[in-house]
Amino acid sequence: MKNDRPYFHKTLCVCAKSTIISLISLFCSPTLAERPLYVEGLVPEAGTWKLDTSVAYGNREDQGLQIGTPLIIQTGPTSFVSVYTDVGEERKNTDIVVGTVGLRYGLTTRTELYVRASAFWSDTRSAAAESVYSASSKGLSDIWFGTSYQIKDDDESPGLIGFSQIALMEKTHNTSSQFKSAMIGLAAYKAIDPVVFSMNTALSMSTARGEGENRHTPGSLFLISGSVAFAANDRVSLSGGAQWTNKQPDSVAGEKSGFRTTSTDLLLGVGYGVTAKSIVNISMISAISGRKGADLNLAWSYAF
């Protein structure tokens, strides 16, 4: 593979990174440093700022939703936004749109800091007996701050990247909380030009917020995913993989709401290098088993 293909490294690593780790909880944007394939898009560039934006769309259809159970939209491989809607009807169909904007900074060649904020809009149609209802809501969903660190380079054995992040603010029903949720994760990747193999795992944990009958504790979430990214040409890359998720039930007023759920999803992505500093990524997460619905994500990243 020739080294003079201007966008090959960047577009391939868009898909590789989008299935490896989030550096601002979008996790699908590339780093645009002029580095070899096996680190470009994964390792931060010291002193460089990067702007990341995305719009995610999710659709859910459920029956018998229980009080306190959120609808979760996945905005990246290890990035989730919980949207709480009115519950208790027999059948519901919900559309959710989540917009996210984030900023990353390369503190060193191995460490990157990031912050991101998400806002949502939801529209729910529900039916019980012979009555049909509809409701919509919108607002700021959450704000996160985190860091990622290149633990090991990709050489004889796979490269390793670790990350951790904490919620500065989260919205739950009609209340908000601060510093009540955190996530940690680890990614492994191996580049064999023009292919990048990756494995990603993450754990999200939360503590109780609110008092009395309004006391609510989101259930922990664990996921593991694997994928393969391949460069179709000098500007376009493709990726595919699978993800398994384990979600513990939420608790409301000390009582569990629902039960532990697991799901398996298909991951698909397309990355396009618009310019040397601007990259667009389109990804889809579609349910194979354990849940209904799919999430679509359009992301744009710009380095400056």
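Residues numbered from 1 in each chain as written. Predicted model: local features only at pLDDT ≥ 70, side-chain atom pairs only at ≥ 80, totals over all residues. Heavy atoms only, no water.

*Asks:* How would you explain a nonpolar patch on the surface if you had to name every residue and give the values?
*Replies:* Together, Trp49, Leu103, Val115, Phe145, Ile166, Phe179, Trp300, Tyr302 and Phe304 make up an exposed nonpolar region whose accessible area comes to about 790 Å². With respect to the secondary-structure elements, phenylalanine 179 resides in the loop between strand 8 (175–177) and strand 9 (181–192). Residue classification places phenylalanine 179 among the exposed positions, given a relative accessible area of 53%. (Patch = residues over 30% accessible without salt bridge, like charges linked within 9 Å, V, L, I, M, F, W, Y side chains within 5 Å. Areas by Shrake-Rupley, 256 points an atom, 1.4 Å probe, with all protein chains shown as cover. Salt bridge = Lys/Arg side-chain N within 4 Å of Asp/Glu carboxyl O. Helix = DSSP H or I, 4+ residues; strand = E, 2+ residues; numbered from the N terminus. Buried < 20%, exposed > 50% of the residue type's maximum accessible area, 1.4 Å probe, protein only.)

*Asks:* Go over the confidence of the model for the chain with me, naming the residues and quoting the values.
*Replies:* When the pLDDT values of the chain are averaged, the result is 80; 79% of them are 70 or greater. Per-residue pLDDT stays below 50 along residues 1–41; that stretch engages in 166 contacts with residues further than four places along the chain or on separate chains. (pLDDT = per-residue confidence, 0-100. Contact = heavy atoms within 4.5 Å.)

*Asks:* Give a detailed account of the pattern of salt bridges, specifying residues and quantitative values.
*Replies:* In this structure the tally under the stated criterion is twelve salt bridges. Linking arginine 104 and glutamate 112 is a salt bridge whose minimum nitrogen-to-oxygen distance equals 3.3 Å. Across the pair lysine 247 and aspartate 250 runs a salt bridge whose closest N-O atoms are separated by 2.9 Å. Each of the two residues, lysine 247 as well as aspartate 250, counts as buried. Beyond isolated ion pairs, a larger network of salt bridges with shared partners links Lys50, Asp52, Arg104 and Glu112.

*Asks:* Can you break down the packing of aromatic side chains residue by residue, with the values?
*Replies:* Going through the model one piece at a time under the given rule, you end up with four aromatic pairs. Both rings, one in phenylalanine 222 and one in tryptophan 244, keep their centres 6.5 Å apart while their planes meet at 65 degrees; by these two values the pair is edge-to-face. Of the two residues, phenylalanine 222 sits in strand 12 (residues 221–231) while tryptophan 244 sits in strand 13 (residues 236–247), which places them 22 residues apart along the sequence. In this structure phenylalanine 222 comes out as partly exposed when scored by relative accessible area, which is 32%. For the ring pair tryptophan 300 and tyrosine 302, a centre distance of 5.9 Å and an interplane angle of 25 degrees mean the geometry is stacked. Put simply, the rings of Trp300, Tyr302 and Phe304 pair up and form one aromatic cluster. (Phe/Tyr/Trp six-rings, centres within 6.5 Å; stacked < 30°, edge-to-face > 60°.)

*Asks:* I'd love a proper account of the side chain of threonine 245, names of residues and values included.
*Replies:* Looking at the secondary structure, you find threonine 245 in strand 13. Relative accessible area serves as the criterion here: at 7%, threonine 245 is assigned to the buried category. One polar contact links threonine 245 to glutamine 243, side chain to side chain, over a distance of 3.3 Å. In this structure, threonine 245 is in contact with Leu221, Phe222, Leu223, Thr261, Thr262, Ser263 and Asp265, ignoring residues within four places of it in sequence. (Polar contact = N/O pair within 3.5 Å; in protein donor to acceptor, adjacent residues only side chain to side chain.)

*Asks:* An account of the pairing of strand 16 (residues 261–273) is requested, with residue identities and associated values reported.
*Replies:* Direction of pairing for strand 13 relative to strand 16: antiparallel, over a ladder of twelve bridges. Bridge pairing links lysine 247 to threonine 261 in strand 16. Sheet analysis places strand 16 next to strand 17 (residues 278–289), joined by ten bridges and oriented antiparallel. Residue pairing for strand 17: leucine 268 is matched across the bridge by methionine 284. Between strand 16 and strand 17, which follow one another and run antiparallel, lie four residues. (Pairing = 2+ DSSP bridges.)

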